[in-house]
Structure formats: C-alpha cells, structure tokens
There are 2 protein chains.
Amino acid sequence: MKLKSIVAATLAFGITSTALAQVIGKAEDQIRWRQSVMQTVGWSMGRIKANIEGTYNKDQVIQAANTIQALANSGSGGLFQPGTDTGKGWRETNVKPELFASGSAAKLKEVGMAYNKEANEMAKVAATGDAAAVKVQFGNLGKSCKGCHDEFRKEEKK
Amino acid sequence: MKLKSIVAATLAFGITSTALAQVIGKAEDQIRWRQSVMQTVGWSMGRIKANIEGTYNKDQVIQAANTIQALANSGSGGLFQPGTDTGKGWRETNVKPELFASGSAAKLKEVGMAYNKEANEMAKVAATGDAAAVKVQFGNLGKSCKGCHDEFRKEEKK
C-alpha cells in the first residue's frame, strides 16, 4: 500500500495521519477489529430492516442508526494497513488486494466518503421517526455499503 | 432466564421490550454480534489509552469515545437472550450462566447503568480535548467495564 492510498483511506474514513501512528495493532488485531466493526454494522442494518418490515420502533432505529454513524466515523479505515491484505482475525479476511493498490486511491476515497455521508444522513433521518423516510435512506445507505463491497470485498465465505 | 432478568437486562442496556421482539437472531448470531460489539469497544478503549499514554490526538479520542457511547446505548443487552449462555459465535461465549439467573437482575441493572453513565460521560469529556480529564474518565469507564466483567464474564480464553 503506497502512501497515496493510505492517505486516501485515511481521508475516506476520517482518521488523521497523526492518529495513524497510534494503535494500529498487529495484522491479526486489525483484521479482527475491522471484522468486528463490520459485523456490528451488519447487526445494526438488520435491526433497521426489521423495523421497516415489521413493527416500527423509533428508539430501536435510532440506536441502530447512531451505532452505524459512530462506526462510519470511527476511523476504522486505519485498520486496513499494508500487510493486512491476507491474514486471519476472527476468520480469514475477505478484503481484495485491490484495496491496497495505489491505483485504487480515488475509488477508495469515493466509496468511503459516500458511506460516511449516508451514515450521517441515516442518523438524522432516524431521529425524525419518519418510517417512510427511514426506508428511503436505508436504501441509500445500503447502496453505499455495496459500493465498497463490490470493489474491495471478496464474496463472503460461508 | 426469567422475565424479571430479561427486563433488567433490557433496562440496563436501554432496549425497549417492543424492540426485543425484533432482530434477536439465532443464538450463534447473538453471540457473534455481542462479541463483535465488545471487540469494537475494546479497540476503542485501546485507542483512548494509547492517546493518553502517547501523543494526544483530540479527534481520535473523540472517534473512539463516540463509538463506545453509541455501542453502550445500542441495546446490545438484547443480545443476551435465554439459550445463549453457551454456544459459539466467533468463538465460544465467555458469559457466565449467572447473567441469566433471575437473582442477578438487580446486579445486572446496576452494572449496565454504570457502564452507560460512564460511556456517556466519556464522550462528553473527549469533546473538550482535556487530556487530563480524559485520563480520569477513562479510569472511571474502565472500572464500569470491569464491574460487569467480574460478575458475568469468565476469564478470557486465549
């Protein structure tokens, strides 16, 4: 991973370069932490979906949306350091090596910023308690997740 | 797990009873999700610690503290349903069966509320950028984590 793509990942996930120097962790730690972050996002997305499709509970949607917002702004992009393109956290990483290629910097920044934007908007919309608007924003947020997964994540191993 | 302790867990982690009916997941899902939440808290605690002990970066501490706050208020107590006292998520659960005993309700509520309180305070203090105050509050938050771990978590298997 070249400096340019580290910087792009850094910007995309809102982590400062000073911060990069701290708590990077061993490769296995980084992979386990980012898998944990993504699982927690997945749990929260599932909760919002269940509320849209079932009985809508405003407080639960707010809990889930605030969780996603905090994680999208947590600087978890810093957990994709060089040397973590392969390796095992909870399980083998599903990251594609393309994420670490310097040529991916622009795309990485684009998908990262889209995810941040939609996650922040999701929290705002959840706070209104407007189930119809939540449904629309949930779709937008899901697309932003997919935008990164399609580019940089291998199909999940079951 | 008797109704009384479900209610206590519910109150302690800020999840409503209506919400409990949605997205509970299979036992293995609940265990994997709660392990993911706790790992993410652990990552965030490590980041705050590194900032206290190393070069202090206000933005990184805010990211980490906001993450912990969101997770403490995420309703993850709902992921400790009856039947999840044993089982494997990412790994075998470390929960003690005592958590599910009706006699633990008062203690569970006490430790859960203490964690929420300290996590909310951590986010407030982080926002000030006062490193000395962050250090003090980090200690308070750590004690509230330990309060629950000592009661309800088995020693971690390496």
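The structure we're discussing is the one just above.
(A) Focus on the overall build of chain A. For chain A, the count of helices and strands is six helices and zero strands. When the elements of chain A are put in sequence order from the N terminus, they spell out α-α-α-α-α-α. Within chain A, buried positions represent 49% of all 158 residues. Sequence-distant contacts in chain A: of pairs separated by 6 or more residues, those separated by 24 or more amount to 74%. When the accessible surface of chain A is split by element, carbon and sulfur atoms take 56% of a total near 7,100 Å².

(B) Seen up close, the layout of surface pockets. Quantified by volume, the largest pocket comes out at close to 990 Å³. What lines the largest pocket is a set of 31 residues, and nearest its centre among them are B:Met38, B:Arg91, B:His149, B:Arg153 and B:Glu156. If you list the elements that add at least two residues to the lining of the largest pocket, you get helix H3 (27-53) of chain A together with helix H3 (27-53), helix H5 (105-128) and helix H6 (131-152) of chain B. Per-element tally for the lining of the largest pocket: the top contributor is H3(B), with eight residues. Residues that form the lining of the largest pocket fall into these classes: 16 nonpolar, eight polar and seven charged.

(C) Local environment of the packing of aromatic side chains. For the structure on display, the rule yields one aromatic pair over all chains. Measuring from ring centre to ring centre gives 5.6 Å for A:Trp90 and B:Trp90, while their planes differ by 10 degrees; the resulting arrangement is stacked. Of this pair, A:Trp90 sits in the loop between helix H4 (58-72) and helix H5 (105-128) while B:Trp90 is found in the loop between helix H4 (58-72) and H5, placing the two residues in two different chains. On the basis of relative accessibility, which here comes to 13%, the residue B:Trp90 falls in the buried class.

(D) Quick look at the side chain of A:Ser44. Residue and element names in this part refer to chain A. Tracing the backbone shows Ser44 in helix H3. The exposure class of Ser44 is buried, given its relative accessible area of 0%. Not counting residues within four places of it along the chain, the set of residues in contact with Ser44 comprises Ala64, Thr67 and Ile68.

(E) Expanded view of the environment of A:Lys117. Residues and elements named next belong to chain A. Structurally, the position occupied by Lys117 is in helix H5. We classify Lys117 as exposed; its relative accessible area is 55%. Along the sequence, Lys117 and Gln69 sit 48 residues apart, while their C-alpha atoms lie 9.2 Å from each other.

(F) Geometry of the side chain of B:Gln137. Residue and element names in this part refer to chain B. With respect to the helices and strands, the residue Gln137 is situated in helix H6. Since its relative accessible area comes to 6%, Gln137 is described here as buried. Within the local environment of Gln137, its side chain forms a polar contact with the side chain of Asn140, the two groups lying 3.0 Å apart. Look past the residues within four positions of Gln137 in its chain and what remains in contact with it is Glu118, Glu121, Met122 and Val125.

(G) Broad picture of the packing of H3(B) against H4(B). All names here are of chain B. Here H3 crosses H4 at 150 degrees, and the two axes come no closer than 9 Å. Judged on the interaxial angle alone, H4 and H3 are roughly antiparallel. Helix-helix and strand crossings are classified by hand; for H3 and H4 the assignment is left-handed. The residues of H4 that touch H3, namely those facing Val37, Thr40, Val41, Ser44, Met45, Arg47, Ile48 and Asn51, are Gln60, Val61, Gln63, Ala64, Ala65, Thr67, Ile68 and Leu71. Tallied by class, the residues present in the contact of H3 with H4 amount to nine nonpolar, six polar and one charged.

(H) Quick peek at the pattern of salt bridges. One pass over the structure, following the stated rule, counts 14 salt bridges over all chains. Each of A:Lys107, A:Glu110 and A:Glu151 takes part in a single network of salt bridges with overlapping partners.

Criteria and thresholds
- Per chain, residues are indexed from 1 in the order of the written sequence.
- As a convention, the first chain written is A and the first ligand written is 1, with the rest following in written order.
- For a predicted model such as this one, the threshold for reporting local features is a pLDDT of at least 70, and the threshold for listing and counting side-chain atom pairs is 80 or more; totals across whole chains, interfaces and linings nevertheless cover every residue.
- Computation of side-chain values: all heavy atoms of the structure, hydrogens and water removed.
- By definition, any uninterrupted DSSP run of H or I lasting at least four residues is a helix, any uninterrupted run of E lasting at least two residues is a strand, and each is numbered from the N terminus.
- Burial classes: relative accessible area under 20% of the type maximum marks a residue as buried, over 50% as exposed, and values in between as partly exposed (1.4 Å probe, protein chains only).
- Contacts are residue-level and defined by heavy atoms, with any inter-residue pair within 4.5 Å sufficient.
- All accessibility values rest on the Shrake-Rupley procedure with a 1.4 Å probe; residue burial counts only the protein chains present in the view.
- The distinction between a cavity and a pocket rests on a 1 Å grid over the protein atoms alone: a 1.4 Å probe fits inside a cavity but cannot get out, while a pocket stays open yet meets protein on both sides within 12 Å along at least five of seven lines, and a residue with an atom within 4 Å of a point counts as lining.
- Grid points are joined across faces, edges and corners, and a volume is the space filled by probe spheres set on the points.
- Only Asp, Glu, Lys and Arg are considered charged in this grouping, and only Ala, Val, Leu, Ile, Met, Phe, Trp, Tyr, Cys and Pro are considered nonpolar; every other residue, Gly among them, is considered polar.
- Each Phe, Tyr or Trp ring, with Trp reduced to its six-membered ring, pairs with another whose centre is within 6.5 Å; inter-plane angles below 30 degrees give stacked pairs, above 60 give edge-to-face pairs, and intermediate values give tilted ones.
- Counting of polar contacts relies on pairs of N or O atoms within 3.5 Å, with two restrictions inside protein: one atom must be capable of donating a hydrogen and the other of accepting it, and residues adjacent in sequence are counted only when both atoms are side-chain atoms.
- Interaxial angle, 0 to 180 degrees, is taken between N-to-C directions of lines fitted to C-alpha atoms, where a helix line uses only the stretch in contact.
- When an angle is under 35 degrees it counts as roughly parallel; over 145 it counts as roughly antiparallel; between 65 and 115 it counts as roughly perpendicular; any other value is oblique.
- A crossing counts as left-handed when the near helix is turned anticlockwise from the far one by less than a right angle, and as right-handed when that turn is clockwise.
- Basic side-chain nitrogens of Lys or Arg form a salt bridge, by our definition, when they fall within 4 Å of a carboxyl oxygen of Asp or Glu.

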